[in-house]
Number of protein chains: 4
Amino acid sequence: MDPTQRKTSDKIVNPLRHKIHEIIFEADTPAGKAFDIILLWLIGISVAVVMLESVPRINKEYQSLFTIIEWVVTILFTIEYCLRIYSVYRPFVYIFSFYGIVDLLSILPTFLSLFLPGTQYLVTIRALRLLRVFRILKLSNYTSQGNVLLSALRASRTKITVFMMAVMTIVVIMGSAMYLIEGTDPETKFTSIPISIYWAIVTLTTVGYGDISPTTELGQFLSSILMILGYAIIAVPTGIVSSEISKADVVEEEEINTTSCPSCSRYGHDSDATFCKYCGHSL
Amino acid sequence: MDPTQRKTSDKIVNPLRHKIHEIIFEADTPAGKAFDIILLWLIGISVAVVMLESVPRINKEYQSLFTIIEWVVTILFTIEYCLRIYSVYRPFVYIFSFYGIVDLLSILPTFLSLFLPGTQYLVTIRALRLLRVFRILKLSNYTSQGNVLLSALRASRTKITVFMMAVMTIVVIMGSAMYLIEGTDPETKFTSIPISIYWAIVTLTTVGYGDISPTTELGQFLSSILMILGYAIIAVPTGIVSSEISKADVVEEEEINTTSCPSCSRYGHDSDATFCKYCGHSL
Amino acid sequence: MDPTQRKTSDKIVNPLRHKIHEIIFEADTPAGKAFDIILLWLIGISVAVVMLESVPRINKEYQSLFTIIEWVVTILFTIEYCLRIYSVYRPFVYIFSFYGIVDLLSILPTFLSLFLPGTQYLVTIRALRLLRVFRILKLSNYTSQGNVLLSALRASRTKITVFMMAVMTIVVIMGSAMYLIEGTDPETKFTSIPISIYWAIVTLTTVGYGDISPTTELGQFLSSILMILGYAIIAVPTGIVSSEISKADVVEEEEINTTSCPSCSRYGHDSDATFCKYCGHSL
Amino acid sequence: MDPTQRKTSDKIVNPLRHKIHEIIFEADTPAGKAFDIILLWLIGISVAVVMLESVPRINKEYQSLFTIIEWVVTILFTIEYCLRIYSVYRPFVYIFSFYGIVDLLSILPTFLSLFLPGTQYLVTIRALRLLRVFRILKLSNYTSQGNVLLSALRASRTKITVFMMAVMTIVVIMGSAMYLIEGTDPETKFTSIPISIYWAIVTLTTVGYGDISPTTELGQFLSSILMILGYAIIAVPTGIVSSEISKADVVEEEEINTTSCPSCSRYGHDSDATFCKYCGHSL
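All figures in this text were calculated on a predicted structure; none of them were measured in a lab. (Residues numbered from 1 in each chain as written. Chains lettered and ligands numbered in written order. Predicted model: local features only at pLDDT ≥ 70, side-chain atom pairs only at ≥ 80, totals over all residues. Heavy atoms only, no water.)

Engineer: Now, about the packing of helix α11 (residues 193-204) of chain A against helix α12 (residues 217-233) of chain B: what can you tell me, with residues and values included?
Structural biologist: Relative orientation of the contacting elements α11 of chain A and α12 of chain B amounts to 25 degrees, with a least axis distance of 9 Å. Relative to α12 of chain B, α11 of chain A is oriented roughly parallel. Handedness of the crossing formed by α11 of chain A with α12 of chain B: left-handed. Together, I195, Y198, I201, V202 and L204 of chain A of α11 of chain A and Q220, S223, S224, M227, I228 and Y231 of chain B of α12 of chain B make up the contact between the two elements. (Axes fitted to C-alpha atoms, helices over the stretch in contact; angles between N-to-C directions. Helix = DSSP H or I, 4+ residues; strand = E, 2+ residues; numbered from the N terminus. Parallel < 35°, antiparallel > 145°, perpendicular 65-115°, else oblique. Left-handed = near helix turned anticlockwise from the far one by under 90°. Contact = heavy atoms within 4.5 Å.)

Next comes the structure, spelled out in structure tokens:
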């Protein structure tokens, strides 16, 4: 029995299960939409509570309130998670899907915090659940724009891999060189190669904390080269993605405006055209 | 009575009001242009005075001079604001327009400073009034170039929203992770999740103040990943805007060599069109 | 008498002056090329000497050597400057040209240093003279590539002006807001609005020294917004220049490959084509 | 005797040498692939060992283990290097090729460390050997994408040279100016022109360590200009590379749907060509 058949038969055989599925997984019915909006509010509140909980000054005052909210939200999410598994047609596909794993990870930390204090902060992973907002918006615009970005990134995947390997090699070699140059000074902060590689990454990406910075003349010369290199090669990923987005955009747009003239069969008409611009025939 | 009719009748009925409108709102007549240039100078002087007033060393010496200038300019701006409301044909449209609000906000702080000391610094919002300079320049070039930029940004609005949500999610999750990793050290500066999120933003945007920086090995490893991520994804908004500016430029250029249809007089034909795409008439 | 005529007549009347002009201003003859190469070496040595002179440790040891080199080079440059004025056909055009001013500025500081100590460091402006290297290279490639860059920047001039005004307005308003928020703390480093604007520029451009950084929660929140803004709008100038370089490149290339087919008169042949790709006629 | 002939004859005359070549230099046979995978693991382990060795805490505990691994790997690499020279058809071409030099440099430091302590850290240059991974992947995709990047960089070589010279000139002049402005303060960190140039590079590239930052008002004003300049001109290399990658991509794509001329068998025809552009034969 294939899923769509099962779905149809389920609708008759088990109307409750079907109803739950409709509310939880879809956002087309008023109930489904209301459910999703409540869900987003709960996620938002819960993430905010965890953030505030970590601020000692605020936590001191509202600790009990925060604990209550946290547990109420977690129990609601646990019920929701169980209902999702119950109502979905292929439970394992859901459980191992991106959203399934995120849903599980967003309830586990609270339970874990009973045994391991501190782990409750992991519930900020719930922030990922906010991505569900796109389902409510249901704006094909957002989805298609997101797809343009994703397909641009996917198309430049191999280029970015090649680029990242080059960056890694530069960083390892420059880090080691700096360790050799700066590491002899007993006051140095370049205490090991991994730390020096960390410094090289901080420099190449132009972040530049300044927690570690060269003090010898040769070290400053070498880091100047690294900076200019970083400044020049930041152009590469930008160039890659720019080029891909341009292409992805063109494809998207071209696919939208494809009416062919019934008389001369030529393409390329604007979406507001009512006559063929080549032969004058009405479109 | 529609506005244009009212305008014409007003010219006859109330010539003073019409004259004030011409001077204050338009920059085509010599009087109007002179008014706008004086206005810009006053804005510039006033912003400079507020800046200098905040420097203790300078303020000590010239305090009374600064107070006088500040009040003279504010009174002139108040008169101007009243005249604008008096002379404009639709006062409420002006009051709630962007410039109307800016005009009001640039006089309020000085009056407020009588009751709440410190608020006088808010008058730097007057800097926004400097945008009026574009009206004087009246260079269609500047306006059209500004439009290219604005339309490029508007066209990439949804892409940028999607991108910003991704950035926010990364920043919340990375900030929380860093709080867990670095927060156990009693000397740490990652004292709460909001502070850690602030750090994550400082890092991802490659600003890198260094007021907060990781000290544990795991923390340094995680922030290296965040930096490289920031370095890679800075490419995305750049790519988006590059691509849109290219397109906006093309559109702008295409519209420059347009021909209007001799039959329906509409614009917007492609340069390779031989028939009007709206009415089918040969071009 | 027009300049070219004068030049020809000069060649006969004043062969020495003509010879000097050929050596100093041109790089086609062996003597002219040798002169330019010696000149570049002198400039390089002189800039290096000034740099080293400023390092106390090195200066202590070699001070007299540095003074001698500096004066020898300056006297040579002074002679060269006089010869340039003597030999050039239109002295005032040269004196007020970019290179003429640079040439003068690169000898003045040494003489000035006799009266005002410290000014000798200004001779690093001689570094600008190194731009003469392009004349020796005489690689039309470099010149044309430089022109592509310059014309791209020139074409985006108005867009960049509009963008810069927007940046300035953001920076003034954000700086003032931060002064209001952070300035109340007696320990603050936001001691005045100009300093706060400096901080806003450091942040918006993602430089992030960390010499001044927000300490209040509201201040950190506001600077997070400023950073993300800076991260997003860095895309704008990049997009502008990318788009212009693409266009400038296309123009340059199109102008290079424009042989029309003698048979079908169509364009668009590659530079390595020997037959028309549309009709097969030999080009 | 040309190499391919020699290769064939070698296969018969010296089967062992031929077999070694196949295993070491090629990755098509199972033995060759296994060899390359083991090689990559050895490189990775070796680089990791050198990194960990530099961390005092870890080195204290595992020093003897690290020394053993290091020597085992070095001896294996030395054997491999000798075998490569023995089996390759043109030893000198290999020795002076990029990989040949890297292979030599990755064994030398360990031997050198017997005489000069500290030099063993130079073996991180082995990281360059990891680039061999591309040979295993044998994904023409990666190679062609890498070529797109390389050809984009090569095509923008002259533009980048011109740009870099401009950056250098800005940095030298700004550094000297800052030395003049800030250097008078006895507490200053702008102690010499080279240090000030280092600061100018740190600022222009938006790295911004904050180890050196301006303290005078004029210095802060000047560095604000430098930052905005850096912010604006970062657009230039990005624009250059973006534009080149777009073009390189187009070329690559066009070359994918090439047809070879039936008469002269040459490639590189445009997709709209109906006649061979080299010999005029119909395609």
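Now that the structure is up, let's keep going.
Engineer: So what about the pattern of salt bridges? Which residues, and what values?
Structural biologist: One pass over the structure, following the stated rule, counts 12 salt bridges over all chains. A salt bridge links E217 of chain C to R57 of chain A; the nearest nitrogen and oxygen atoms lie 2.8 Å apart. Pair noted here: E217 of chain C is in helix α12 (residues 217-233) and R57 of chain A is in helix α4 (residues 56-87), and the two residues belong to different chains. Three or more residues joined by partner-sharing salt bridges are found here, namely E80, R84 and D103 of chain A. (Salt bridge = Lys/Arg side-chain N within 4 Å of Asp/Glu carboxyl O.)

Engineer: Tell me about unusual backbone geometry, and please be specific about residues and values.
Structural biologist: Backbone geometry at T206 of chain C places phi at a positive 60 degrees, although glycine is not the residue there. Inspection of the secondary structure assignment puts T206 of chain C in the loop between α11 (193-204) and α12.

Engineer: Could you give an account of the nonpolar core, with specific residues and numbers?
Structural biologist: By size, the foremost hydrophobic cluster in this structure holds 211 residues, and its most contacted members are W199 of chain A, W199 of chain B, W199 of chain C together with W199 of chain D. What W199 of chain A contacts, discounting residues up to four positions off in sequence, is M178, F190, I212, S213, P214, S223 and L226 of chain A together with Y209 of chain D. (Core = buried A, V, L, I, M, F, W, Y, C linked by side-chain atoms within 4.5 Å. Buried < 20%, exposed > 50% of the residue type's maximum accessible area, 1.4 Å probe, protein only.)

Engineer: Residue-level account of the environment of M178 of chain C, with values.
Structural biologist: Residues and elements named next belong to chain C. Looking at the element boundaries, M178 is found in helix α10 (residues 157-182). We classify M178 as buried; its relative accessible area is 1%. C-alpha separation for the pair M178 and F163, spaced 15 residues apart in sequence, amounts to 22 Å. In this structure M178 touches G183, F190, W199, P214, G219 and L222, once residues within four positions along its chain are discounted.

Engineer: Which residues make up α11 of chain A, and what are the values?
Structural biologist: The first and last C-alpha atoms of α11 of chain A sit 16 Å apart over 12 residues, in line with the 16 Å expected at 1.5 Å per residue. Across the 12 residues that make up α11 of chain A, a large majority, 11, are buried. Residues of α11 of chain A that are buried: I193, I195, S196, I197, Y198, W199, A200, I201, V202, T203 and L204 of chain A. Close packing links the buried residues of α11 of chain A with α10 (157-182) and α12 (217-233) of chain A, α12 of chain B together with α3 (30-53) of chain D. Phi turns positive one or two residues past the end of α11 of chain A, at T206 of chain A, with a value near 60 degrees. (Expected span 1.5 Å × (residues − 1).)

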